[in-house]
Structures are given as structure tokens and as C-alpha cells.
Amino acid sequence: MNGTPGHLVRACEASLGRLGVEAIDLYQLHKPDPEVPWADSVGALRTLLDQGKIRMAGISNVTAEQILTAREILGEGLVSVQNRFSPAVRDSEPELRLCADLGLAFYP
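Residues numbered from 1 in each chain as written. Predicted model: local features only at pLDDT ≥ 70, side-chain atom pairs only at ≥ 80, totals over all residues. Heavy atoms only, no water.

A. Expanded view of the nonpolar core. Counting 27 residues, the largest nonpolar core has Leu45, Ile54, Ile59, Ile67, Leu74 and Val81 as its most contacted members. Mapped onto this core, the elements with two or more residues apiece are α1 (5–19), β1 (24–29), α2 (38–50), β2 (54–60), α3 (64–74), β3 (78–82) and α4 (93–102). Counting residues per element, this core draws most heavily on α2, at six residues. What Leu45 contacts, discounting residues up to four positions off in sequence, is Tyr27, Leu29, Ile54, Ala57, Gly58, Ile59 and Leu74. (Core = buried A, V, L, I, M, F, W, Y, C linked by side-chain atoms within 4.5 Å. Buried < 20%, exposed > 50% of the residue type's maximum accessible area, 1.4 Å probe, protein only. Helix = DSSP H or I, 4+ residues; strand = E, 2+ residues; numbered from the N terminus. Contact = heavy atoms within 4.5 Å.)

The structure is reproduced here in C-alpha cells:
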């Protein structure tokens, strides 16, 4: 896990090269890095959006507060949240409700 902005940008650029495309439709940040401020990691996604390297951004394994921070930074560029959620594991219910309120896709 490496959520440093430089790593996230390099990883995206490497994916673009392997895929042979100019932009990735949905780029998902899969886990917050506890060693990197969340706003810094999400800021890298903002940079990728602004550069046209990604068209939309998603985040995973996040809290409601992290969703709101990401929404502030990414605006309409944030389109999805993926958290663990099932009939047996319901601890992401607040995040599910927040996504519904914000119009974000929620992937359990």
C-alpha cells in the first residue's frame, strides 16, 4: 500500500501504458494509506482528473468523513465508493447512506 501522490500518479501512468489508452474511465483508490494524509492521496486523483488521465475517480475502504473530504477535493469527479458490506457485515451502513445522499455509486 502506497498512497503517496507521486506513487499514485506513476501507477496511473503505468496503467495507461499497459492498457494503451489515453485515459482510464474509472480509477479506484483501493485503500487509504495510514502513513499519508488522506487529502494528499485524493489530491493526486484530482491532479489525474485535471490532466485528463482519468475520467472519474472512486475510493474504497473509507469512512464517511473520508468520503466527504474526497467529495470536497474531487467534486463531481468522485463517482463511487467501494466498502465491505453484506447481510453479515453491515458496518458500512453510514457510508452507504451517505453515498445515496450524495448520488455516488456504492459497491459492496
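Here the narrative resumes.
B. Focus on the pairing of β3. Relative to β3, β2 runs parallel, the two being bridged by four bridges. Pairing of Ala57 across the sheet is with Leu78, part of β3. Note that β3 and strand β4 (residues 105–107) share three bridges and pair parallel. Of the residues in β4, the one forming a bridge with Val81 is Phe106. (Pairing = 2+ DSSP bridges.)

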